[in-house]
Amino acid sequence: TIARASTYVVLLQRPVDQKVGLKFDPDKLRVSSVDSGGLAAAWNMQCPERAIQPGDCITEVNNHNVCDHGATQVSEELRSSKLLRIVMARRVAVPPPGSPM
């Protein structure tokens, strides 16, 4: 089995004093939990096919890519912006070519 990353986009608009509601590793930006009272949980209810899950990684926020800008700057963009376009990555297992499904 081969692990590949599947990406999806999350779009959030943060009202004043509302938290995104994601807990994540500050160095790797890997989600550890989704707070039931935050914007991310509301997103998960509205878009279950693109629900944010523990283990998913934040790869980009508002065109600030982790590879180009680093985890600290991407985290700050996530915390400070009112409009958020978040690109998430999830590892998915893919059978090797030629193997039975």
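Quick notes on the rules
- Residues numbered from 1 in each chain as written.
- Predicted model: local features only at pLDDT ≥ 70, side-chain atom pairs only at ≥ 80, totals over all residues.
- Heavy atoms only, no water.
- Salt bridge = Lys/Arg side-chain N within 4 Å of Asp/Glu carboxyl O.
- Helix = DSSP H or I, 4+ residues; strand = E, 2+ residues; numbered from the N terminus.
- Buried < 20%, exposed > 50% of the residue type's maximum accessible area, 1.4 Å probe, protein only.

Caption draft 1: Summary view of the pattern of salt bridges. Scanning the model with the defined rule gives three salt bridges in all. Arg 50 is the salt-bridge partner of Glu 49, the closest N and O atoms lying 3.9 Å from each other. The salt bridge partner of Asp 56 is Arg 90, with a shortest N-O separation of 2.7 Å. Residue Asp 56 is located in the loop between α1 (39–46) and β4 (57–61), and its partner Arg 90 is located in strand β6 (residues 83–94); the two are separated by 34 residues in the primary sequence. No difference in accessibility class separates Asp 56 from Arg 90, as the two residues are buried.

Caption draft 2: Quick look at unusual backbone geometry. Even without being a glycine, Asp 17 presents a positive backbone phi close to 65°. Along the chain, Asp 17 falls in the loop between β1 (2–13) and β2 (22–24). Despite not being glycine, Asn 63 shows a phi value in the positive range, around 65°. Within the secondary structure, Asn 63 is located in the loop between β4 and β5 (64–65). Residue Asn 63 is classed as exposed on the basis of its relative accessible area, which comes to 61%.

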